[in-house]
Amino acid sequence: AQTVTQSQPEMSVQEAETVTLSCTYDTSENNYYLFWYKQPPSRQMILVIRQEAYKQQNATENRFSVNFQKAAKSFSLKISDSQLGDTAMYFCAFANSGYALNFGKGTSLLVTP
Amino acid sequence: GAGVSQSPSNKVTEKGKDVELRCDPISGHTALYWYRQSLGQGLEFLIYFQGNSAPDKSGLPSDRFSAERTGGSVSTLTIQRTQQEDSAVYLCASSLRSSGRHEQFFGPGTRLTVL
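Attention here is on the structure that accompanies the text. (Residues numbered from 1 in each chain as written. Chains lettered and ligands numbered in written order. Predicted model: local features only at pLDDT ≥ 70, side-chain atom pairs only at ≥ 80, totals over all residues. Heavy atoms only, no water.)

**Comments concerning the sheet that holds strand β7 (residues 75-79) of chain B**
Residue and element names in this part refer to chain B. The sheet built from four strands is open, its strands ordered β1-β3-β7-β6 with antiparallel pairing. The sheet is open, and its two borders are formed by β1 (5-7) and β6 (65-69), each paired with just one other strand. Between one strand axis and the next, the sheet turns through 15 degrees on average, direction left out of account. Both β6 and β7 contribute to a ladder of five bridges, which runs antiparallel. From the neighbouring strand, Ala67 faces β7, where its bridge partner is Leu77. (Pairing = 2+ DSSP bridges. Helix = DSSP H or I, 4+ residues; strand = E, 2+ residues; numbered from the N terminus. Axes fitted to C-alpha atoms, helices over the stretch in contact; angles between N-to-C directions.)

Written out as structure tokens, the structure is:
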């Protein structure tokens, strides 16, 4: 069975600062995909960033980047220059060839002025 | 273009009643997924449709839950004889498998409350 663990239920960061959200996963698969989704109070799940396991280069999307450590099965999300609009639940998710997403329980991020 | 839409946005029902939740995926997306998000929990996979293939029902929690996808587009999730533990947000997602990107696009969800 695949599991995704987010060890930080809640985090807080000041505007313009950098914050890192942790995620570890467990799988016996070699080919898989990792995602970070953002869920603001509106409930809409928004894809933040994705990473293919076969790619060694860490994915980046503007202020969002990941630190993908395949051997350690770690996939952390770094948010640079945090903005008030980044306040949301962040979910780490894993998908293998079965395609259904396995989600962690989420990290609630609060960006303060 | 239009994203994934779900209806109703909110549904309140009495224990024992049946409910139907609707999902309209992004046009052209061949894959459709249903997930359940219970209070304080992550998202739990329920069922997956891909084209004309038999659906993957491995996540359905009981035989009270069923889903259909008509014409490869709209999907309906039906919960029979609802129980209070069915109260949750039900999220639908769609993806274009042929893109190879494996990313799923989510709808706004239906919040189900069973009294």
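The structure having been displayed, the exposition proceeds.
**Here we look at the packing of aromatic side chains**
How two aromatic rings sit relative to each other is given by the distance of their centres and the angle of their planes. Applying the stated criterion to the full structure yields 15 aromatic pairs over all chains. Consider the rings of Tyr25(A) and Tyr32(A), whose centres lie 5.3 Å apart with planes at 65 degrees: the pair is edge-to-face. Residue Tyr25(A) shares its accessibility class with Tyr32(A), and that shared class is buried. An aromatic cluster is defined as three or more aromatic residues linked by ring pairs; in this entry it consists of Phe35(A), Tyr37(A), Phe91(A), Phe103(A), Tyr33(B), Tyr35(B), Phe45(B), Tyr48(B) and Phe106(B). (Phe/Tyr/Trp six-rings, centres within 6.5 Å; stacked < 30°, edge-to-face > 60°. Buried < 20%, exposed > 50% of the residue type's maximum accessible area, 1.4 Å probe, protein only.)

**Brief notes about the interface of chain B and chain A**
Contacts between the two partners involve 24 residues from chain B and, on the opposite side, 17 residues from chain A. In total, about 1,800 Å² of surface goes out of reach between chain B and chain A, with carbon and sulfur atoms giving 51% of it. Ranking the residues of chain B by area buried against chain A places Leu43(B), His102(B) and Phe106(B) at the top, with a combined share of 32%. Seen at the junction of chain B and chain A, the total is one salt bridge. Run the count over chain B and chain A and you get seven residue pairs in polar contact (both at pLDDT 80 or more). Secondary structure elements with two or more residues in the side of chain B that touches chain A: β4 (31-37), β5 (43-50), β8 (88-95) and β10 (110-114) of chain B. Classifying every residue of the side of chain B that touches chain A gives nine nonpolar, 11 polar and four charged. (Contact = heavy atoms within 4.5 Å. Buried area = accessible area lost by both parts, 1.4 Å probe. Salt bridge = Lys/Arg side-chain N within 4 Å of Asp/Glu carboxyl O. Polar contact = N/O pair within 3.5 Å; in protein donor to acceptor, adjacent residues only side chain to side chain. Nonpolar A, V, L, I, M, F, W, Y, C, P; charged D, E, K, R; others polar.)

**Quick notes on unusual backbone geometry**
Cis geometry is found at the peptide bond from Ser7(B) to Pro8(B), where omega equals -5 degrees. Mapped onto the fold, Pro8(B) is located in the loop between β1 and β2 (10-13). Unlike most non-glycine residues, Lys73(A) shows phi in positive territory, near 55 degrees. Positionally, Lys73(A) belongs in the loop between β8 (64-69) and β9 (74-79).

**Brief notes about the pairing of strand β12 (residues 107-112) of chain A**
Residues and elements named next belong to chain A. Of the two faces of β12, only the one carrying Thr107, Leu109 and Val111 is buried; Ser108, Leu110 and Thr112 on the other face are not. Here strand β2 (residues 10-14) pairs with β12 via five bridges, running parallel. Bridge pairing links Val13 to Val111 in β12. In this structure, strand β10 (residues 88-95) lies alongside β12, joined through three bridges in antiparallel fashion. Note on β12: the bridge partner recorded for Tyr90 is Thr107.

**Observations concerning the state of the cysteines**
On inspection of all chains with the given rule, the structure shows two disulfides over all chains. With a sulfur-sulfur separation of 2.0 Å, Cys23(A) is cross-linked through a disulfide to Cys92(A). Torsion about the S-S bond of the Cys23(A) and Cys92(A) cystine: about -70 degrees, corresponding to left-handed handedness. Here Cys23(A) is found in the loop between β3 (19-21) and β4 (24-26), whereas its partner Cys92(A) is found in strand β10, with 69 residues between them in sequence. Between Cys23(B) and Cys92(B) runs a disulfide, and the two sulfur atoms are separated by 1.8 Å. Taking the sign of the S-S torsion, about -65 degrees here, the bridge from Cys23(B) to Cys92(B) comes out left-handed. One end of the pair, Cys23(B), is in strand β3 (residues 19-24); the other, Cys92(B), is in strand β8, with 69 residues separating them in the sequence. (Disulfide = S-S within 2.5 Å.)

As far as function goes, none of this settles anything; it's purely spatial.
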